[in-house]
Amino acid sequence: MKPAPFTYYRPTSLEDAAQRLRDGADDGALILAGGQSLVPMMALRVAYATELIDLNALDGLDRPRVEGDSLVIPTLTRHATFHDARAAPAPLGDLLACVAAHIAHYPIRQRGTFGGSLSHADPSSEWCLVTATLDGTVCLLSADGPREVAARDWSDGPMSTTRDPDEILTEVRLPLPEASASWGFYEFNRRAGDFALGMALCVIDLQDDRITAARIGIGGIEDHPRRLPEAEAALIGRAFDAAAMAAAAEAAMRAVDPMEDATTSAEYRRDLTGTVITRALEAARLRTLALADPA
Amino acid sequence: MSDKTTITLTVNGVPRTIACVPRKTLADALREDCRLTGTHVGCEHGVCGACTVMVNGAPVRSCLMFAVQAEGAEVRTVEGLAPEGGLSVLQQAFIDHHALQCGFCTPGFLMLITGALQKDPDMSDEELTEVLSSNLCRCTGYRNIVRAALAAAPAIRASVRETAA
């Protein structure tokens, strides 16, 4: 339960880290961010590094900020930063605070990072779900310079991304939802703090009591979190009621290609897809009512 | 590749200079190099929480940090909890509420609760109870740990706010 030996490098800047990674990536050098997934995988000897390039001592990479109409989340931003809903403008700050509370456990959230979660790309990653649902942008840096990847192009299969081995994830940009948008999140797992068996995030815009725009994302169901256009289409132009929510859930259950594992069948996950989407939509609908009638 | 690196950190207010290979976890460095064996090593992959210590004011798993990453850090371990000649309010509450049996998980729980309330003194009793799900205890069934944490929480919150003011 001890990691295999490796060398340790503490870069002086992101550019220095990118150059070091360019020189060592082919041999097995890896970036170390929060270490809350990589370090246990190294201890279990399912991940190996010849060298760890530790970003943690770099300044200025852990505070989210608003730029234009986006929230910029630097790579070392800890999950726990979003415990405080004021870390982002409303309603995104409340959404991120709600989601953050579901990531692993409190001490893990003190060190685990947003950029690390995106890079690790677990099918049950809450931050991958948020980035996919909001159509975020992943910003990378290599010795050749920066590159941007749209959220929908980020996954390359389970726990695999389109990041090249010599690229560092530097920040993620999330478009700010409309101030009037309502949102809902629901995650199901068997024990507190476990990986999600299924989760859904939705962001809904209403005009004159009709749904004008809808984002529905799922995680933990397929090999990576993604938006479900079939479920979103089932909502457009309708009143935000039980029938619309049922139509979206039905469309989602038809559209997904669920994972199967030793304890959870694909059919269970298909069924769960409908449940988590219905519950996320119901949470959004209750927020809509609260916005319409603050009293 | 396994050359030792010299690092300086502060443990319970005392500056320490130790030499570690990069793969040595902070948990092992505290136990073997600082001779502070109150921090327990259970699962060594971040699941059980027995090795929880505070690093720069936040409770973290010391098996998921390498010692070389603690360069310049302020670390607090269970040995740093009790005031001279006594016990902390939380330690006394663990005794009063029978919150330990074998005691292996206890240092981790003490640091988890102390650290969480120090970082977020405004957290509710419900949130504190949720935080307790971070660590594993195989003896008590958690009920008495919850009782001890909730009994000590008001005094810890008051003390944190007093220090901050």
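The shown structure was predicted, so the numbers you read here are calculated from the model rather than taken from an experiment.

(A) Spatial organisation of the domain arrangement of chain A. All names here are of chain A. Partitioning chain A into structural domains gives domain 1 (7–57), domain 2 (65–175) and domain 3 (182–292). Averaged C-alpha coordinates put domain 2 and domain 3 at centres separated by 20 Å. Listed as interface residues are 21 residues of domain 2 and, on the opposing side, 20 residues of domain 3. Of all the secondary-structure elements, those providing two or more residues to the side of domain 2 that touches domain 3 are helix H3 (92–100) and helix H6 (126–133). Examining the composition of the side of domain 2 that touches domain 3, we find that 6 residues originate from one element, H6, more than from any other. Grouping the constituent residues of the side of domain 2 that touches domain 3 by class yields 13 nonpolar, 7 polar and 1 charged.

(B) Geometry of the packing of helix H4 (residues 125–132) of chain B against helix H5 (residues 143–164) of chain B. Residue and element names in this part refer to chain B. Taken N-terminus to C-terminus, the directions of H4 and H5 make an angle of 140°; their axes are 10 Å apart at the nearest point. Here H4 lies oblique to H5, going by the angle between them. Relative to H5, H4 is oriented so that their crossing is right-handed. Touching Asp125, Leu128, Thr129 and Leu132 of H4 are Ile145, Val146, Ala149, Leu150 and Ala153, all from H5. Residue composition of the contact of H4 with H5, by class: 7 nonpolar, 1 polar and 1 charged.

(C) Focus on the domain arrangement of chain B. Residues and elements named next belong to chain B. Its domain assignment divides chain B into domain 1 (5–80) and domain 2 (89–164). The gap between the C-alpha centroids of domain 1 and domain 2 is 20 Å. Contacts between the two partners involve 14 residues from domain 1 and, on the opposite side, 14 residues from domain 2. Listed by contribution, the elements that provide at least two residues to the side of domain 1 that touches domain 2 are strand S3 (52–55) and strand S4 (58–61).

So, how was this worked out
Every chain is numbered on its own, with residues counted from 1 as its sequence reads. Both sets of labels track the order of writing: A upward for chains, 1 upward for ligands. With the structure being a predicted model, the display of local features is reserved for residues of pLDDT at least 70 and the display and counting of side-chain atom pairs for 80 or more, all residues being used for whole-chain, interface and lining totals. How far each domain reaches was decided by an automatic or database domain assignment. Contacts are defined on C-beta atoms placed from the backbone: any two residues whose C-beta positions lie within 7 Å are in contact. Secondary structure is summarised from DSSP: a helix means a run of H or I of at least four residues, a strand means a run of E of at least two, and numbering begins at the N terminus for each. Throughout, the ten residues Ala, Val, Leu, Ile, Met, Phe, Trp, Tyr, Cys and Pro are labelled nonpolar, Asp, Glu, Lys and Arg are labelled charged, and all others, Gly among them, are labelled polar. In this analysis, axes come from line fits to C-alpha atoms, helices being fitted only over the stretch in contact, and the angle between any two N-to-C directions falls in the range 0 to 180 degrees. Oblique is the label for any angle not covered by the other classes, which are roughly parallel (under 35 degrees), roughly antiparallel (over 145) and roughly perpendicular (65 to 115). Each crossing gets its handedness from the near helix: less than a right angle anticlockwise from the far helix is left-handed, clockwise is right-handed.

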